[in-house]
Structure formats: C-alpha cells, structure tokens
Amino acid sequence: IAGITQAPTSQILAAGRRMTLRCTQDMRHNAMYWYRQDLGLGLRLIHYSNTAGTTGKGEVPDGYSVSRANTDDFPLTLASAVPSQTSVYFCASKREALPNYGYTFGSGTRLTVV
Amino acid sequence: EDQVTQSPEALRLQEGESSSLNCSYTVSGLRGLFWYRQDPGKGPEFLFTLYSAGEEKEKERLKATLTKKESFLHITAPKPEDSATYLCAVQFNNNDMRFGAGTRLTVKP
C-alpha cells in the first residue's frame with residue numbers, strides 16, 4: 001500500500017539522549033516535511049525538503065536536524081532530547097513543493113521525553 | 001503575524017443535525033487553503049484545496065467554501081462516522097503550510 005511509514009510508533013526517551021525518527025515514503029514524492037502536533041497549538045513545521053539533497057528550516061527547528069540523502073527517506077534527529085520535545089511527530093509528503101497539492105501524512109510517532 | 005484560527009474548538013451534533021465549522025486567517029499572499037480530517041491516533045487525511053474567494057468543493061456530506069478572510073466546512077446531515085478532528089491549513093509560500101488548532105466534531109446517533 002502506497003504511503004508513508006514512520007517508526008517507531010511510540011517511544012519514551014530519557015532527557016539528553018539522541019534519537020532518530022524514521023520516515024519512508026514509496027510514492028516518489030519530491031517534497032517531504034516534519035511536523036509536531038501539540039494540544040491546542042496545531043501542527044507546526046520543523047523542517048522540510050523540497051527535493052533530495054536539499055533541506056530547510058520551518059517554524060520550530062531548534063533542537064532538530066534532518067537529512068535527505070534520497071527521495072524516499074527523511075529522518076528527523078533529536079541530538080539531545082529535552083522534555084519540551086514531548087509531542088506527536090508527523091512526517092508528510094507531497095508530489096511537488098507547490099500549493100497545488102495536499103499532504104499525505106504518516107501515522108505519527110508519539111515521543112515522551114522524561 | 002500570519003495566523004489561522006478555527007472555531008469552535010469542539011462541536012457536538014446529533015445525527016442529521018447540519019452545521020458549519022469556521023477557519024479564519026490573517027495571511028498575506030494566500031496560495032491555497034486546505035481542509036484535512038484527523039481520526040484519533042492517525043495522521044491527517046487530505047479533503048479539499050481552495051484557491052480563490054467564491055470557490056466551493058464538495059465530497060459526500062462535506063462542502064468547503066472560501067471568502068477573502070475565512071473558509072467554512074459545511075456538514076450536511078452528519079453521521080457518527082463523520083466524528084473526527086477537522087484541520088484547516090493555509091499555504092502562503094511553497095514551504096510553509098500554517099495549520100489551525102482544529103475543531104473536534106462528535107456526532108451522536
């Protein structure tokens with residue numbers, strides 16, 4: 001089934017530890033995104049990639065990094081986790097980085113930093 | 001500052017009771033307004049894109065409309081399976097889609 005796979009589904013992480021959230025899509029979409037969703041705040045963009053080999057910062061990039069080595073994969077790394085990074089993380093993609101397309105989202109990773 | 005505000009935060013309807021959800025925005029250079037549906041524990045699912053004032057889109061019991069400063073999602077004769085959180089998002093450049101906090105809809109049988 002075409003779509004986005006995120007792993008892990010959920011994770012409890014000790015503060016100060018490093019963590020990589022995985023995101024893989026099989027739709028050959030060029031544009032990929034990482035959002036975090038917090039109650040009452042909605043979805044906020046962390047980082048994006050318009051095409052393989054390029055990345056950019058979104059609204060809340062501090063404490064996070066991304067890479068885009070190929071079309072399919074877009075991992076998100078927390079170098080040293082802090083409790084404020086407790087959230088649900090969604091990876092999304094669309095065919096091109098243009099307004100004409102809506103996102104396809106993954107099912108999310110629920111991260112708790114303690 | 002660019003903002004997207006959805007109201008109400010939560011809405012409880014009886015099955016068959018039609019209503020509307022609101023999304024207002026203060027964004028310069030709107031390039032598209034999107035509606036998504038999100039079920040508990042899942043990622044948002046794309047519903048509609050609207051580009052210009054006066055535009056309307058329909059899908060089953062849902063109809064989305066757009067004016068210069070807001071969008072409405074009209075739900076006609078809702079069913080319990082329409083219960084979900086509905087998210088509005090505004091795109092004002094290629095790389096930034098700003099989301100509202102959502103309206104949580106519950107439809108009772």
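Our subject is the structure listed above.
It should be emphasised that the depicted structure is a prediction, and the values quoted were computed from it without experimental measurement.

J.: Explain the layout of surface pockets here, please?
T.: Using a probe with the size of a water molecule, rolled over the atoms, empty space left in the structure can be pinpointed. Roughly 840 Å³ of volume is contained in the largest pocket. A:Gln37, A:Leu39, B:Gln38, B:Thr85 and B:Ala101 are the residues nearest the centre of the largest pocket, which is lined by 34 residues in total. Contributions of two or more residues to the lining of the largest pocket are made by strand S4 (31–38), strand S9 (87–94) and strand S11 (109–113) of chain A together with strand S1 (3–7), strand S9 (84–93) and strand S11 (103–108) of chain B. In terms of residue count, S11(A) provides more of the lining of the largest pocket than any other element does, four residues in total. Quantified by volume, the second largest pocket comes out at close to 270 Å³. A:Leu41, A:Glu59, B:Val4, B:Arg98 and B:Phe99 are, among the 14 residues lining the second largest pocket, the residues nearest its centre. At the level of secondary structure, the elements contributing two or more residues to the lining of the second largest pocket comprise strand S5 (42–49) of chain A together with S1 and strand S10 (96–99) of chain B.

J.: Would you mind going over the sheet that holds strand S7 (residues 64–66) of chain A with me for this structure?
T.: By way of backbone hydrogen bonds, the strands of a sheet pair with one another, either parallel or antiparallel. Residue and element names in this part refer to chain A. Spatially, the four strands line up as an open sheet ordered S1-S3-S8-S7, and their pairing is antiparallel. Looking at the sheet topology across the chains shown, the edges are occupied by strand S1 (4–7) and S7. Across the sheet, the mean angle from the axis of one strand to that of its neighbour is 20°, orientation sign disregarded. Here S7 runs beside strand S8 (residues 76–78); their pairing, made up of three bridges, is antiparallel.

The rules behind these values
All residue numbers here refer to positions counted from 1 along the written sequence of the relevant chain. Written order decides the labels, with chains lettered from A and ligands numbered from 1. Local features in a predicted model are, by the rule used here, given only for residues with pLDDT of at least 70; side-chain atom pairs are given and counted only at 80 or more, and totals for whole chains, interfaces and linings are based on all residues. No hydrogens and no water enter the side-chain calculation; it runs on all heavy atoms of the structure. Throughout, the protein atoms alone are placed on a 1 Å grid, and a set of points is a cavity if a 1.4 Å probe fits but cannot get out or a pocket if it is open with protein on both sides within 12 Å along at least five of seven lines; lining residues have an atom within 4 Å of a point. Grid points are joined across faces, edges and corners, and a volume is the space filled by probe spheres set on the points. Helix and strand definitions follow DSSP, with helices as H or I runs of at least four residues and strands as E runs of at least two, each counted in order from the N terminus. Two strands pair if DSSP finds at least two bridges between them. All axes are obtained by fitting lines to C-alpha atoms, using only the stretch in contact for helices, and the reported angles, taken between N-to-C directions, cover 0 to 180 degrees.

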